[in-house]
Amino acid sequence: MKVLIVGSGGREHAIATSVKKSPRVDKIYCAPGNGGIAGVAECVDIGAMEFDKLADFAEQNKIDLTIIGMDDPLVGGIVDEFEKRNLRVFGPRKNAAIIEGSKAFSKDLMKKYGIPTAEYENFTDAQKALEYLDTKQAPIVVKASGLALGKGVLICNTIDEAKDAVRSIMIDKQFGDAGNEIVIEEFLTGREVSVLCYCDGTNIKPMTSAQDHKRAKDGDQGLNTGGMGTFSPSPFYTEEIEKFCDEKVFAPTMAAMKKEGRDFVGILFVGLILTENGPKVLEYNARFGDPEAQVVLPRMKNDIIEVMEACIDGKLDTIDLQFEDNAAVCVVLASDGYPLSYEKGKEITGLDAFDGKDDYFVFHAGTKKEGDKILTNGGRVLGVTALGKTLKEARANAYKATEWVNFSNKYMRNDIGKALDEV
Ligand code: AMP
Ligand code: GLY
């Protein structure tokens, strides 16, 4: 069968790598793809938001399945466009992707259906938000409701800071229209865990857990980024917590979306925080995490195509989802200066060290191919992933592998998964 993947980051490279393992697949395309994805798929020069062109391409090339990796096209309704043309596509429709596209929607959904989350209020009026803050205490969290590349969440240590956040999001439009509505919510503390789940509209099957490191610098300092590294599984996601989440979060979320007439088919990413008062949902995403996919997918035993087709066909209950009894760590190699300003176009060397090694992966996030050279082309450049019997071993392997590749402004965190030494 022929598969088209929509997206261009490390997540899509990890998806393409899993798809390539399926014996049912003989051709993979990726639009627009990147320099590394070009090693496993034929890259097609169509942007992820060019729905008509993508659907034309799928029709003309008789694509059997299109997988949408990114949030923007999902929230924008790409799945509905493909379905209108009777094209088979994996991902939630627009009316379900709103669970990621509007934090205000997802908070109201959780409140209505009793799914544990932080206390909050939504606002479309800046003045009302400022008045509300006068009744609250810091620390407090101000969030742009719409998509903001993972940067629309401001943790404020004083009420004045929170007021500035409201002004910059709602009046100065720091995140554009994503800030037309905001959520102000209670600040929670605890370990964060991401659980990505396959969903068929009725059934939900959680994958193995993972943890991201969102801040740019060691010790969780510096600015928020798209994610500087991940590990899987999370030792903090115990069987007891898993059981709680199955019963109180995952199943109720699926049922709630169905009840609302918004059947969710695709990947539901549940961002959890494990507080003293139990797990609470921080956010939902409507797609694989990046770089969570880079540690979860290499550990999955199933044929990804079979699982995705079962989701589309409403038969996820027939799938026995299985993961290897091992661990994975992904260290992101970024361009120095990310997430603010950084240089691009640097030559990357040493990539061939990964060839033929089953337990090591170099997923390309921001690269491009020029002649036979691979150049840096973004803030997050590569995701170096290694497997190991234990998290400690996977971590040592991943850091060893970061030394194999070089580019002149290479930057990484040195403490991905370090907290694991405590457990
Ligand atoms: P979100 O995109 O909503 O997951 O937020 C991004 C990050 O901000 C999360 O991964 C947390 O680290 C942090 N965050 C979000 N909401 C809260 C909250 N209510 N309390 C504490 N930290 C939060
Ligand atoms: N790594 C966080 C995300 O993909 O949203």
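Each value, and the rule that gives it
- Note that residues are indexed from 1 along each chain, following the sequence as it is written.
- Here the convention is simple: chains get letters from A, ligands get numbers from 1, in the order in which they are written.
- pLDDT decides what is reported in this predicted model: residues at 70 or higher carry local features, side-chain atom pairs at 80 or more are listed and counted, and totals for whole chains, interfaces and linings draw on all residues regardless.
- Hydrogen atoms and water are omitted, and side-chain values are computed over all heavy atoms in the structure.
- Note on exposure labels: buried denotes an accessible area under 20% of the residue type's maximum, exposed denotes more than 50%, and partly exposed covers the range between, all computed with a 1.4 Å probe on protein chains only.
- The helix and strand labels rest on DSSP assignments: H or I over at least four residues marks a helix, E over at least two residues marks a strand, and numbering proceeds from the N terminus.
- Pairing between strands requires that DSSP locate at least two bridges from one strand to the other.
- Between N-to-C directions, angles span 0 to 180 degrees; the directions come from axes that are lines fitted to C-alpha atoms, helices contributing only their stretch in contact.
- Any angle from 65 to 115 degrees is called roughly perpendicular, while one under 35 is roughly parallel, one over 145 is roughly antiparallel, and all others are oblique.
- Whether two residues are in contact is decided by their heavy atoms: any pair within 4.5 Å suffices.
- Each residue gets one of three labels, nonpolar for Ala, Val, Leu, Ile, Met, Phe, Trp, Tyr, Cys and Pro, charged for Asp, Glu, Lys and Arg, and polar for the others, Gly among them.

### Thoughts on the pairing of strand 11 (residues 204–212)
No. 1: Among the 9 residues of strand 11, 7 are classified as buried, and the element is accordingly described as predominantly covered.
No. 2: As judged from the 5 bridges shared by strand 10 (residues 191–200) and strand 11, these two strands associate in the antiparallel manner. Each residue of the ladder has a partner; that of Val195, found in strand 11, is Ser209.
No. 3: Here strand 10 hands over to strand 11 after 3 residues, with Gly201 in that stretch at a positive phi of 100°.
No. 4: Bridge count between strand 11 and strand 14 (residues 229–232): 2 bridges; the pairing is antiparallel. Counted as the bridge partner of Asp212 is Thr230 from strand 14.

### Concerning the packing of helix 6 (residues 103–113) against helix 9 (residues 239–259)
No. 1: Interhelical geometry of helix 6 versus helix 9 gives an angle of 105° and a closest axis separation of 10 Å. Our classification of the angle between helix 6 and helix 9 gives roughly perpendicular. Seen from helix 6, the contacting residues are Phe105, Leu109 and Tyr113; seen from helix 9, they are Ala256, Met257 and Lys259.
No. 2: Residues that form the contact of helix 6 with helix 9 fall into these classes: 5 nonpolar, no polar and 1 charged.

### Looking at helix 5 (residues 94–101)
Every α-helix winds through 3.6 residues per turn, so residues three or four apart in the chain are directed the same way.
No. 1: Looking only at helix 5, the buried set comprises Ala96, Ala97, Ile99, Glu100 and Gly101.
No. 2: Of the surrounding secondary structure, the elements contacted by the buried residues of helix 5 are helix 3 (71–76), helix 6, helix 9, strand 15 (265–275) and strand 16 (278–285).

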